[in-house]
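If you want the building blocks of each chain, they are given just below.
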Amino acid sequence: MLRIGSAIKRYGAITALDGVSLDIARGEFFGLLGPNGAGKSTFMSLVAGLRAPDSGTITLDGTLLSPANVATRVSLGLVPQGIALYDDLSAEQNLRIFGELYGLRGADLRRRIDEALAVAQLADRRRDQVKTFSGGMQRRLNLVAALLHRPKLLLCDEPAVGVDPQSRNAIFDFLEKLNREGLTIIYSTHYMEEATRLCSRIGIIDHGKILALGSLDDLLAQLPFVDAIGFPTGAATAAFATAVAAHGELVSDNETHRFGPRAEFKISEFYTLAERHGVSPRLFSHERPTLEALFLHLTGRNLRE
Ligand SMILES: Nc1ncnc2c1ncn2[C@@H]1O[C@H](COP(=O)(O)OP(=O)(O)OP(=O)(O)O)[C@@H](O)[C@H]1O
Ligand SMILES: [Mg+2]
């Protein structure tokens, strides 16, 4: 459905997208996972046709997407990272403007506005100015505004940031339902939990490059170990961490060391080392592999910094 070929986008000296090639099939729920500044919003703005790439091509069903090609852009919906609403207008007035921009009118538009307000759980606030809404309420309205014209491809740029867990779940359920009904979704986030829950395929992006691409299982299989033993970071475990690192792979963030032993390293030796360093076995936990660990493995950095 969507084909991105060697897309490059620079802002002055910064290369925000550095040769991204990617195919998205119809019906996918694709996750773009990367830290701040990775290039997620730049990717979204190119696909949405808001900006042109410096080089490379982006096509939707074979048609070139570009800022000039307004007709094709109607097939897209963008939920921008920054709230894009008129805050001195009401929820309803905002939706009317978005709908009219896409040529919707009359009873059809009114029905879609009612539906959108219901989904955003804002039916009772429809006549209130957007500036009187909480951040999460504005996020919900921002999301449904992008769906009024029933796009084929929905681009969601960190749509759930600052939304409370309950509303976030409602948004996730809603997006999953739309996806089951056939909507293709590209969803950017720096939360691996969101990518894990929602996405059938995930691209890990950093410094404008896609570093890894695949289903959750494909990606986790790229980790040098499957299961790991976790223990807390800190002065009390520092020497022990150094000692075990010689016997396998140690991936550490601010709170946790995750040790994946080499096949020949016996777990009994691990406990002997722990005893020698005065580290209590009570500190050990069984760590499932995570995208966070994979990101750390690929880049040496944390996903969230
Ligand atoms: N309009 C702009 N002018 C100059 N530099 C920009 C502009 N937009 C983005 N950049 C730079 O391009 C790089 C990628 O930014 P981008 O906004 O795409 O990242 P992101 O992955 O969306 O990050 P975040 O998670 O913080 O939203 C960054 O180095 C950023 O500073
Ligand atoms: Mg962004």
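In case you missed it, the structure is sitting above this.
Every value quoted in this text rests on a predicted model; they were computed, and no experiment measured them.

Caption draft 1: Up close: the layout of surface pockets. Each pocket or cavity is described by its volume, and for the largest pocket that value is around 500 Å³. Looking at the lining of the largest pocket, the elements with two or more residues in it are helix H2 (70–73), strand S6 (76–79), helix H3 (91–101) and helix H5 (135–145). In terms of residue count, S6 provides more of the lining of the largest pocket than any other element does, three residues in total. One number sums up the size of the second largest pocket: a volume of about 290 Å³. As for the second largest pocket, its lining consists of 14 residues, of which Glu115, Leu147, Arg150, Phe174 and Leu178 are closest to the centre. Elements with a contribution of two residues or more to the lining of the second largest pocket: helix H4 (106–119) and helix H6 (165–180). Broken down by element, the residue count for the lining of the second largest pocket peaks at four residues, all from H4. Residues that form the lining of the second largest pocket fall into these classes: nine nonpolar, no polar and five charged.

Caption draft 2: Here's a closer look at the site of ligand 1. Not every one of the 14 residues close to ligand 1 is listed here, only the nearest: Gly37, Lys40, Ser41, Thr42 and Gln81. Within the backbone of Ser41, an N or O atom sits 2.9 Å from an oxygen atom of ligand 1. In isolation ligand 1 offers 630 Å² of accessible surface; the protein chains occlude 65% of this area. Of all the secondary structure elements, the ones that give two or more residues to the shell around ligand 1 are strand S2 (14–24) and helix H1 (40–47). For the shell around ligand 1, the element with the most residues is H1, which contributes three residues.

Caption draft 3: Just a nonpolar patch on the surface, in detail. A cluster of nonpolar side chains, contributed by Val74, Leu101 and Tyr102, occupies part of the molecular surface with about 290 Å² of accessible area. The topology assignment puts Leu101 in helix H3. Leu101 sits in the exposed class, given a relative accessible area of 66%.

Caption draft 4: Inspection of the packing of H5 against H6 at higher detail. Close contact between H5 and H6 brings their axes to 11 Å; oriented N to C, the two are set at 10 degrees. On the basis of their axis angle, the class for H5 and H6 is roughly parallel. Touching Arg140, Leu143 and Val144 of H5 are Ser167, Ile171, Phe174 and Leu175, all from H6. Partitioned by chemical class, the residues of the contact of H5 with H6 number five nonpolar, one polar and one charged.

Caption draft 5: Inspection of empty space enclosed by the protein at higher detail. Scanning the model with the defined rule gives one cavity of 30 Å³ or more in all. In this structure, the largest cavity spans a volume of roughly 60 Å³. Lining the largest cavity are Val119, Ala120, Gln121, Arg140, Leu143, Val144, Ser167, Ala170, Ile171 and Phe174. Among the secondary structure elements, those contributing two or more residues to the lining of the largest cavity are H5 and H6. The element best represented in the lining of the largest cavity is H6, accounting for four residues. Grouping the constituent residues of the lining of the largest cavity by class yields seven nonpolar, two polar and one charged.

Caption draft 6: Structural detail: the coordination of the magnesium ion (ligand 2). For the magnesium ion (ligand 2), every protein donor is listed as Ser41 (OG) and Gln81 (OE1), and the spread of their distances is 2.0 Å. Within this pair, whereas Ser41 is found in helix H1, its partner Gln81 is found in the loop between S6 and H3, the two being separated by 40 residues in sequence. Exposure remark for Gln81: the relative accessible area of 35% places this residue in the partly exposed category.

Caption draft 7: A look at the sheet that holds strand S5 (residues 63–64). The antiparallel open sheet is built from four strands, whose spatial order is S2-S1-S4-S5. At either end of the open sheet lies a strand with only one pairing partner, and these are S2 and S5. The pairing of strand S1 (residues 2–11) with strand S4 (residues 55–60) spans five bridges and is antiparallel. Paired with Leu2 across the strands is Leu60, a residue of S4.

Caption draft 8: Representation of the nonpolar core within the structure. One finds Leu95, Leu141, Leu154, Leu175, Tyr187, Ile204 and Leu291 to be the most contacted residues of the largest nonpolar core, which totals 51 residues. Excluding residues that lie within four positions of it along the chain, Leu291 makes contacts with Leu33, Met192, Ala195, Thr196, Ile202, Ile204, Leu216, Leu219 and Leu220.

Basis of the calculations
- Residues numbered from 1 in each chain as written.
- Chains lettered and ligands numbered in written order.
- Predicted model: local features only at pLDDT ≥ 70, side-chain atom pairs only at ≥ 80, totals over all residues.
- Heavy atoms only, no water.
- 1 Å grid on protein atoms, 1.4 Å probe; cavity = no way out; pocket = protein on both sides within 12 Å on 5 of 7 lines; lining within 4 Å.
- Points joined across faces, edges and corners; volume = space filled by probe spheres on them.
- Helix = DSSP H or I, 4+ residues; strand = E, 2+ residues; numbered from the N terminus.
- Nonpolar A, V, L, I, M, F, W, Y, C, P; charged D, E, K, R; others polar.
- Near = heavy atom within 4 Å.
- Polar contact = N/O pair within 3.5 Å; in protein donor to acceptor, adjacent residues only side chain to side chain.
- Areas by Shrake-Rupley, 256 points an atom, 1.4 Å probe, with all protein chains shown as cover.
- Patch = residues over 30% accessible without salt bridge, like charges linked within 9 Å, V, L, I, M, F, W, Y side chains within 5 Å.
- Salt bridge = Lys/Arg side-chain N within 4 Å of Asp/Glu carboxyl O.
- Buried < 20%, exposed > 50% of the residue type's maximum accessible area, 1.4 Å probe, protein only.
- Axes fitted to C-alpha atoms, helices over the stretch in contact; angles between N-to-C directions.
- Parallel < 35°, antiparallel > 145°, perpendicular 65-115°, else oblique.
- Contact = heavy atoms within 4.5 Å.
- Donors = N, O, S within 2.8 Å, 3.2 Å for Na, K, Ca; no water.
- Pairing = 2+ DSSP bridges.
- Core = buried A, V, L, I, M, F, W, Y, C linked by side-chain atoms within 4.5 Å.

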